[in-house]
Amino acid sequence: MPTVTLTVDGKQVSVPKGTTVLEAAWKAGAFVPTLCHDPELTKPGACRICVVEVKGARNLVASCVTDAVEGMVVETATPAVVEARKTILELLLDNHPEDCLTCHQAGDCKLQDYAYFYNVKPGAFGGEAHKYDLEDDNLFIVRNMNKCILCGKCLRACEEKQGRAVIDFAYRGFKTKVTTAMDKPLADSVCVSCGSCVAICPTGALTEKAMLGKARKWEIEKVRTTCPFCGVGCNFDLNVHQGKVLGVTSNAASPTNGRDMCVKGRFGVDYVHNPNRLTTPLIKKNGQFVESSWEEALDLVASKLGEIKGKYGSDSIAALSSARCTNEDNFVMQKFMRAGIGTNNVDHCART
Ligand code: FES
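Nothing here was measured: the structure is a model prediction, and the numbers come from that model. (Residues numbered from 1 in each chain as written. Predicted model: local features only at pLDDT ≥ 70, side-chain atom pairs only at ≥ 80, totals over all residues. Heavy atoms only, no water.)

Asks: Is there a simple way to explain the nonpolar core in this structure?
Replies: Within soluble globular proteins, side chains that are nonpolar generally end up buried alongside one another. Ranked by size, the top nonpolar core spans 21 residues in total, and within it Leu6, Val8, Val15, Val52, Ala68 and Val74 carry the most contacts. Of all the secondary structure elements, the ones that give two or more residues to this core are strand 1 (3-8), strand 2 (11-16), helix 1 (21-27), strand 3 (51-54) and strand 4 (61-62). Here this core takes four residues from helix 1, the largest share from any one element. Ignoring anything within four residues of it in the chain, the contact list for Val15 reads Pro2, Thr3, Val4, Leu6, Ala24, Lys27 and Ala68. (Core = buried A, V, L, I, M, F, W, Y, C linked by side-chain atoms within 4.5 Å. Buried < 20%, exposed > 50% of the residue type's maximum accessible area, 1.4 Å probe, protein only. Helix = DSSP H or I, 4+ residues; strand = E, 2+ residues; numbered from the N terminus. Contact = heavy atoms within 4.5 Å.)

Printed below as a string of structure tokens:
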């Protein structure tokens, strides 16, 4: 693959042709902030916080939408670059609620991180700020459009990753807002609650209802696991606080699904702590289920299977397994049926 060599902050770096200046700068170890950029989505070059100075260019350029070319000389932290980034942050902060103390996203918010890094405070410009109502009509997602920075990642994830295009920019100028067709509540739209928008939101504009107010971001332990709902085997991170699973966050590094998940996987783990879950075997005695020990339950199953096999033969018994079990469990099940019971009557829910 042809490469180009450029200089970033005095350091030479070679990258494949077609690489953006942003990616080249990152490769050179430079810090370049981004808000609207995501490597899995198209590049709108909207927020301009990634600006850098390119020798010979009349203006600062948005590095995420500029290709690196041979011999280019890039500076990522000149006074002009820093001033431009600070101005962008000041403009965003002046139309942003000052509630970092109680914001659920605090500690995992790009706007907060960059404001801290550049020592930017609200109030530089003053002026009008949005006062939208909190939108919590959706079963799983809470939308606080006062915290939206119009990066557009949510609507691009919805259209480009999920193929839904449920949300988009509406209105014009200061009134521009991410919303559904005809600005209807999310619950009345064709949203299927996949949560891709929540996963990609860089601020607290979109949050998961179940986790809201349950723990600060830095108190949550992330435990990588495999989804138990079907045989696809999506990976995600359980969000655990004080021994309780609060919810999940998808992980772009997951080899199976990246950040994509279905509604069950992303929002359905509350069953873990459901008090109606069976935690001990039940045996029907006199028409009523009564709790038993595992020994008693397994002895009963073994004696019943032996009884049926003796009376009607091995092929009178069949086993149906589940995609919710691990591969190892499914292997053991078919092995038990073939080697232990003596039948090939095995099937699996995922086959149908
Ligand atoms: Fe480059 Fe937004 S990150 S314009």
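Asks: Is there a simple way to think about the packing of aromatic side chains in this case?
Replies: For any pair of aromatic rings, the description rests on two quantities: the centre-to-centre distance and the angle between the ring planes. Taken as a whole and assessed by the stated rule, the structure comprises six aromatic pairs. Ring centres 6.2 Å apart and planes at 65° place the aromatic pair Phe31 and Tyr114 in the edge-to-face group. Taken together, the residues Phe31 in the loop between helix 1 and strand 3 and Tyr114 in helix 3 (residues 110-117) connect sequence positions 83 residues apart. Arranged with centres 5.6 Å apart and planes meeting at 75°, the rings of Phe229 and Tyr271 form a pair that is edge-to-face. Pair noted here: Phe229 is in the loop between strand 10 (221-226) and strand 11 (235-241) and Tyr271 is in the loop between helix 6 (263-267) and strand 13 (282-285), with a separation of 42 residues, a long-range link. Overall, Phe229 belongs to the buried group, its relative accessible area being 16%. For Tyr271, a relative accessible area of 28% translates into the label partly exposed. Taken together, the ring pairs in this structure connect Phe31, Tyr114, Phe117 and Tyr118 into an aromatic cluster. (Phe/Tyr/Trp six-rings, centres within 6.5 Å; stacked < 30°, edge-to-face > 60°.)

Asks: Please clarify how helix 3 should be interpreted in this entry.
Replies: Think of an α-helix as turning once every 3.6 residues; residues three or four places apart then point the same way. Listing the buried residues of helix 3 in full gives Leu111, Tyr114 and Ala115. Down the axis of helix 3, the buried set is contained in an arc of 100°. They therefore lie on one face. Seen from the buried face of helix 3, the exposed residues on the opposite side, beyond 90 degrees, are Tyr116 and Phe117. Lining the buried residues of helix 3 we find helix 2 (79-93). At the exit of helix 3 stands Asn119, carrying a positive phi of roughly 55°. (Arc of directions from axis to C-beta.)

Asks: Help me understand the environment of Cys227 in this model?
Replies: One can find Cys227 in the loop between strand 10 and strand 11. With a relative accessible area of 12%, Cys227 lands in the buried category. Each C-alpha atom, one on Cys227 and one on Met261, is 9.5 Å from the other, the two residues being 34 residues apart in sequence. Excluding residues within four positions of it along the chain, Cys227 makes contact with Cys234, Phe236 and Gly265.

Asks: Where do I start with unusual backbone geometry in this structure?
Replies: Excluding glycine, residues mostly carry a negative phi; peptide bonds, for their part, are mostly trans. Residues other than glycine seldom take positive phi values, yet Asn119 does so here, at roughly 55°. Relative to the helices and strands, Asn119 resides in the loop between helix 3 and strand 6 (141-143). Unlike most non-glycine residues, Leu150 shows phi in positive territory, near 60°. Note on placement: Leu150 falls in the loop between strand 6 and helix 4 (153-161). According to the relative accessible area criterion, Leu150 is partly exposed, its value standing at 32%.

Asks: What is the right way to look at the layout of surface pockets in this model?
Replies: Empty space among the atoms can be located by rolling a probe the size of a water molecule over them. Approximately 630 Å³ is the volume found for the largest pocket. Forming the walls of the largest pocket are 32 residues, and the residues nearest its centre are Gln105, Asp108, Ala199, Ile200 and Cys201. Considering only residue class, the lining of the largest pocket consists of 12 nonpolar, 10 polar and 10 charged. (1 Å grid on protein atoms, 1.4 Å probe; cavity = no way out; pocket = protein on both sides within 12 Å on 5 of 7 lines; lining within 4 Å. Points joined across faces, edges and corners; volume = space filled by probe spheres on them. Nonpolar A, V, L, I, M, F, W, Y, C, P; charged D, E, K, R; others polar.)

Asks: Just checking my understanding: could you explain the packing of helix 2 against helix 3 for this structure?
Replies: In helix packing, the relevant descriptors are the interaxial angle and the interaxial distance, both defined with respect to the helix axes. Contact geometry for helix 2 and helix 3: axes closest at 10 Å, N-to-C directions at 130°. Classified by the angle between their axes, helix 2 and helix 3 sit oblique to one another. Remark: the crossing between helix 2 and helix 3 carries left-handed chirality. In this structure, helix 2 contributes Leu89, Leu92 and Leu93 to the contact, and helix 3 contributes Leu111, Tyr114 and Ala115. Residues of the contact of helix 2 with helix 3, tallied by class, amount to six nonpolar, no polar and no charged. (Axes fitted to C-alpha atoms, helices over the stretch in contact; angles between N-to-C directions. Parallel < 35°, antiparallel > 145°, perpendicular 65-115°, else oblique. Left-handed = near helix turned anticlockwise from the far one by under 90°.)

Asks: Is there a simple way to think about the sheet that holds strand 10 in this case?
Replies: Sheets are built from strands that pair by backbone hydrogen bonding, the pairs being arranged parallel or antiparallel. Pairing is antiparallel in the open sheet, where three strands are placed in the order 10-11-12. Strands at the two margins of the open sheet, each flanked by one partner only, are strand 10 and strand 12 (244-250). Taking each pair of neighbouring strands and ignoring which way they run, the sheet shows an average axis angle of 35°. Note that strand 10 and strand 11 share six bridges and pair antiparallel. Counted as the bridge partner of Val223 is Leu238 from strand 11. (Pairing = 2+ DSSP bridges.)

Asks: Sorry if this is basic, but what is going on with the pattern of salt bridges here?
Replies: When their charged atoms lie close together, side chains carrying opposite charge are able to pair. In the structure shown here, the tally under the stated rule is nine salt bridges. Measuring nitrogen to oxygen at the nearest pair gives 2.9 Å for the salt bridge that ties Asp38 to Arg259. Remark: Arg259 occurs in the loop between strand 12 and helix 6 and Asp38 occurs in the loop between helix 1 and strand 3; sequence separation between them is 221 residues. We note that Asp38, like Arg259, is buried. For Arg259, the salt bridge identified is with Glu40, shortest N-O distance 3.5 Å. Within this pair, whereas Arg259 is found in the loop between strand 12 and helix 6, its partner Glu40 is found in the loop between helix 1 and strand 3, the two being separated by 219 residues in sequence. (Salt bridge = Lys/Arg side-chain N within 4 Å of Asp/Glu carboxyl O.)

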